[in-house]
Amino acid sequence: MSSSYSCSNFPIRLLVSPLIFVFFVNIHKVNIMAEHGFEYAKELGKCIVTAVLWPRFKRHIDYLLCCPENIQGLTDETRLLKRAKLYVDHKKEEARYSAEAVTPDVENWSNEVAQKLEVSNGISQSSNGLKPWDIFGRYTLGKSAKRTAQGILKLRNEADSMMISFPAPPASMRSLISHEPTEKLESRRRVEDNIVEFLNDDGIRMIAICGAGGVGKTTMAQRIEERVRTGGLFDEVVFVVVGQQIDILNIQKEIAEIVGLKLDEDTLPGRAHKIHTRLLDSRRKLLIFDNVWKSFDLEQIGVPFEACKIILTSRSRDLCHDMEADKVVQIDVLDEQEAWRLFREKTGECVDKPELLPIAEAVAAECGGLPIALVTIGKALKYRSIETWRDSLSQLKRANPTNFPQVKNVYEILKLSYDLLENESEKSLFLLCCLFPDGYSIPIELLTLCGIGLGMLEGIMTVDEGRNRTHGLVEKLKNFYLLMNGSGEHDVKMHDVIRDVAIYIGMKERRGFLKSLEVSSMPSWNQDSSSNCEWMSIDISKENAKLPTWSDFPNLRLLMMLNSADSKFPEGFDVNFEGMEELVVLYFSGISLPSLPTNLKLLKNLATLHLEGCAVKNISILGELASLIIVRVHKCEDIEELPADIGRLNRLRVLELISCERLARIVGGVISSLVGLEELKIIHSFDGWEATDDENSENNARLCELESLPNLTSLHIDICKWNLFAQELCLSQQLVRYSIHSRRIRTEREERSISLKVPRDIKVGNWLLQLARSTQLLCLYGNDTSYNFNFAEEPRARKLFNDEEIGEWNQLQIP
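These numbers come from a predicted model, not from an experiment.

**A closer look at the overall build of the chain**
In terms of helices and strands, the chain carries 24 helices and 25 strands. A burial count over the chain gives 50% of its 815 residues as buried. Contacts in the chain between residues far apart in sequence, at least 24 positions, make up 62% of those at least 6 positions apart.

**Here's the deal with the environment of R227**
By the secondary structure assignment, R227 is in helix α7 (residues 217–231). The exposure class of R227 is partly exposed, given its relative accessible area of 33%. For the pair R227 and E192, spaced 35 residues apart in sequence, the C-alpha to C-alpha distance is 9.3 Å.

**Quick word on the packing of aromatic side chains**
Considering all chains together, one arrives at eight aromatic pairs under this definition. Taking 6.0 Å as the distance between ring centres and 35° as the angle between the ring planes, the aromatic pair formed by W340 and F343 counts as tilted. Placement of both W340 and F343 in helix α12 (residues 336–347) is noted, with a separation of three residues, approximately one turn of the helix. A residue is classified by how much of its surface remains accessible, and W340, at 25% relative accessible area, is partly exposed. Classification of F343 by relative accessible area gives buried; the value is 0%. Ring geometry for Y418 against F430: centres 5.7 Å apart, planes inclined by 40°, an arrangement best described as tilted. With Y418 in helix α16 (residues 405–419) and F430 in helix α17 (residues 424–433), this residue pair connects regions lying 12 residues apart in the sequence. An aromatic cluster is defined as three or more aromatic residues linked by ring pairs; in this entry it consists of W340, F343 and W389. A cation over an aromatic ring shows up here: K427 above the ring of Y418, its NZ or CZ 5.4 Å from the ring centre.

**Brief notes about helix α15 (residues 386–398)**
Given a rise of 1.5 Å per residue, 13 residues ought to cover 18 Å, and the 19 Å separating the end C-alpha atoms of α15 matches this to within 8%. Within the sequence span of α15, burial applies to W389, S392, L393, Q395 and L396. Along α15, the residues classed as buried sweep out an arc of 165° about the axis, all on the same side. Exposed residues pointing more than 90 degrees away from the buried face of α15 are listed as E387 and K397. Looking at the packing, one finds that the buried side of α15 touches α12, α13 (357–366), α14 (371–381), α16 and α20 (496–508). At the exit of α15 stands A399, carrying a positive phi of roughly 55°.

**Things to note about unusual backbone geometry**
The phi torsion at Y481 lies on the positive side, around 60°, for a residue other than glycine. Structurally, Y481 is set in the loop between α19 (463–479) and β9 (484–485). Take Y481: its relative accessible area is 13%, and that puts it in the buried class. With a phi angle near 55°, K635 is a residue other than glycine that sits in the positive phi range. Among the secondary structure elements, K635 is positioned in the loop between β16 (630–634) and β17 (641–642).

**Section: the confidence of the model for the chain**
Overall, the predicted model of the chain reaches an average pLDDT of 78, with 76% of residues at or above 70. Low pLDDT, under 50, characterises residues 169–179; the predicted model gives this stretch 19 contacts beyond four residues in sequence or across chains. Ignoring residues within four places in sequence, the model shows residues 796–815, a span with pLDDT below 50, making 42 contacts including any to other chains.

**Considering the environment of L80**
Within the fold, L80 resides in helix α3 (residues 67–97). Accessibility expressed as a relative area gives 28% for L80, which makes it partly exposed.

**Some points on empty space enclosed by the protein**
Evaluation of the coordinates by the stated rule reveals three cavities of 30 Å³ or more. Of the volumes computed, that of the largest cavity is approximately 50 Å³. Every residue along the wall of the largest cavity is listed here: E366, C367, A373, I377, L396, V407, V410, Y411, V497 and D500. Contributions of two or more residues to the lining of the largest cavity are made by α14, α16 and α20. With three residues, α16 is the largest single contributor of residues to the lining of the largest cavity. Grouping the constituent residues of the lining of the largest cavity by class yields eight nonpolar, no polar and two charged.

**A look at the sheet that holds strand β7 (residues 327–330)**
Spatial ordering of the open sheet is given by β4-β5-β6-β3-β7, a layout of five strands whose pairing is parallel. Edge positions in the sheet fall to β4 (236–243) and β7, since each of these pairs with one other strand and no more. When the angles between neighbouring strand axes are averaged without regard to direction, this sheet yields 15°. Here seven bridges tie β4 to strand β5 (residues 285–292), and the two strands are oriented parallel to one another. The residue bridging V241 from the neighbouring strand is D290, located in β5.

**Some words on the sheet that holds strand β10 (residues 491–493)**
If you trace the three strands from one edge of the open sheet to the other, you get β8-β10-β9, paired in antiparallel fashion. Each having just a single partner strand, β8 (442–443) and β9 make up the two edges of the open sheet.

**A short note on the nonpolar core**
If you look at the biggest cluster of nonpolar residues, it comprises 98 residues, and the most contacted ones within it are I195, I377, F430 and L432. For I195, the residues in contact, after removing those within four places along its chain, are I207, I209, M220, I224, I311 and V329.

**Quick look at α12**
For α12, spanning 12 residues, the distance from its first C-alpha to its last is 16 Å, which sits close to the expected 16 Å at 1.5 Å a residue. Taken as a whole, α12 has its buried residues at E338, A339, L342, F343, K346 and T347. One side of α12 holds all its buried residues, which, seen down the axis, span an arc of 165°. Here the buried face of α12 lies against α6 (186–199), α13, α14 and α15. Where α12 begins, the side chain of D335 points an oxygen toward the backbone nitrogen of Q337, at a separation of 3.2 Å. Phi turns positive, to about 85°, at G348, one or two residues after α12.

**Overview of the pattern of salt bridges**
Applying the stated criterion across every chain, the model contains 26 salt bridges. Its salt-bridge partner being R227, residue E192 comes within 3.1 Å of it at the nearest N-O pair. Highlighted residues: E192 in helix α6 and R227 in helix α7, separated in sequence by 35 residues. Residue E192 is classed as buried on the basis of its relative accessible area of 6%. Between E679 and R737 there is a salt bridge; the shortest N-O distance is 3.4 Å. Within this pair, whereas E679 is found in strand β20 (residues 679–683), its partner R737 is found in strand β22 (residues 737–741), the two being separated by 58 residues in sequence. What makes E679 buried here is its relative accessible area of 5%. Salt bridges here are not isolated pairs; linked through shared partners, they connect E186, R189, R190, E192, D193, R223 and R227.

Calculation rules
- Residues numbered from 1 in each chain as written.
- Predicted model: local features only at pLDDT ≥ 70, side-chain atom pairs only at ≥ 80, totals over all residues.
- Heavy atoms only, no water.
- Helix = DSSP H or I, 4+ residues; strand = E, 2+ residues; numbered from the N terminus.
- Buried < 20%, exposed > 50% of the residue type's maximum accessible area, 1.4 Å probe, protein only.
- Contact = heavy atoms within 4.5 Å.
- Phe/Tyr/Trp six-rings, centres within 6.5 Å; stacked < 30°, edge-to-face > 60°.
- Lys NZ or Arg CZ within 6 Å of the ring centre and 35° of its normal.
- Expected span 1.5 Å × (residues − 1).
- Arc of directions from axis to C-beta.
- pLDDT = per-residue confidence, 0-100.
- 1 Å grid on protein atoms, 1.4 Å probe; cavity = no way out; pocket = protein on both sides within 12 Å on 5 of 7 lines; lining within 4 Å.
- Points joined across faces, edges and corners; volume = space filled by probe spheres on them.
- Nonpolar A, V, L, I, M, F, W, Y, C, P; charged D, E, K, R; others polar.
- Pairing = 2+ DSSP bridges.
- Axes fitted to C-alpha atoms, helices over the stretch in contact; angles between N-to-C directions.
- Core = buried A, V, L, I, M, F, W, Y, C linked by side-chain atoms within 4.5 Å.
- Polar contact = N/O pair within 3.5 Å; in protein donor to acceptor, adjacent residues only side chain to side chain.
- Salt bridge = Lys/Arg side-chain N within 4 Å of Asp/Glu carboxyl O.

What follows is the structure, encoded as structure tokens:
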């Protein structure tokens, strides 16, 4: 038997009490008999013994005599208590699964049950060794068993009436932890202050927070929620994550749970009416809809627009306008100083070591000020070895995080914007942009012509339609923050991290490949990956650069070869186009070749050719590429002649010869042979157009050849000979964009402009008069005067133009 139930615990008073009682009774009897009589005292003594002393005495006797029964009763109660405990535990689990809070009474009850079960177990173990003659042990165990069973019965009764759980507090009442310390980032604090100011404006009902993925929109919304809640600006704050698919039923459910509303209705209108009624009460409410990808009807949910303030976050600026937001607040990436501050906070003091600091700064720079990348990568590299830092930097630069799962997670988050683009044209244009060098300002015009060559602009009939389509696609990508404005008005750029994501997608889907090919970092292409590669961009400016074996890429459709550092083209390079019959777009920039490779003629499907800054002199081989649709030759200063062979390109739609300073001759008849031409742009290059009756002809292109181009919609040329102004020409009726200049001073602001140096008495031909009637800018230069009429900015200048008398120009009848 355990010491807790030894004989020393047996109450001595159980034996002594009767003796003391008898003694006092006898004394009282003597006194009573002396005073009131013996009979009265006898009756009083019986009452005291029966009502007071005997029950107490009997209870203690029962502890001794009924010890086995008490222990069995305790065993039965213990079994029932365990059953009740299982029931309560099951209800607790149900509450947790239902996201309900368990009441404190349940936890207290569970603690008491554990104590009672421990005591019951001790009594049960002690009873096993109990001897029949151990009076004191039997008494002690009997008493403990009886009292413990009574306590257990009380716990069982409490379990029947106890409330197990209650609905959890609203999400808006929970503490929110921001991943981005806005109080330390001045740019974020200013945005936060502006949003709170908008919330205080009674004239503003809806505020949209937009920006690229991972820029901190959700974090900003969480900070606003916490701030307005602690500041008492609103009585209730509802935070709902909408997600990629609009689920009205789920949104209604979340709103109802947060505001403590029970929805029993089966229909959406019924539920909407109940939510509408609840939100119309007198309390001030803020509803935050986070991560919205598609527009939805607030009334369908039951949100009373006039009674609530609303904040939504989205990656799409178009969606913010579709939702009719009163204010659209854009979250931008962090500047260099704030980016480093955030990165330094996540990595800790380890980056302060002299040998690690420059590597850490380079890693932070690769994040491009994007908070999600700075936070995720900073945490991942905290306390890592310098070798791990170096390896991580290499993977970031190559956009190939093979052994960097944290970066993969960042890429996958940003990839969502790409996945939800509506059509393949948008996705293809996005991937196309990543083929240009980091930080490159990409002309939208170049994207247009590459897109036409690749055939990714479905349904277009003309180059102009393709241009309009491309501008629409670019606008969509910019509204999704996948592209941003470039250095020029008609240029775009890719954010560094977004470009890495695009390369990651392109590599993953085997569509694009962007690499500065060096001997030390040549990718190991297997047969499957190389045969599936469709797009490739190669920067040959690196030292020891080496080209791949072209025959390994039979399905290559786009090839870009860039010399981003303007370095000399390495000796021994040979571009062999054998086995690349599928190539449709070829882009050379900064390539120093004396002439185009003769095997270029093997590219029977080539549709777009772009030569920029290439030291190429002879381009006659182009005449053998009958499939060409677009030819762009920019800044190729060694080209002196456009040979007659070019006239065989009867499928050509676009011909651009820009800043080819030495181009002095275009063989006569070449331009008139290009009957399918839609756009002709020869500026800062050839200006030796000849008149029909020119006696000193050098067999150069004649201006009248333009009459042979019935599909011409865009014409941009330089003219130096005055007698050409008087020619009578019949230009294409489809001409909508033009610039005719006799001075090499041009403006790109206007689609239609004329800038000519003319003598006062010059005769003006019908073709110039016709163009002048629709021009936006007319600049006339005389010997000592000049007249500028900008009809685009000031339409009333047309009347002034009519009143001027400058030779034959006063014949114009401009409305």
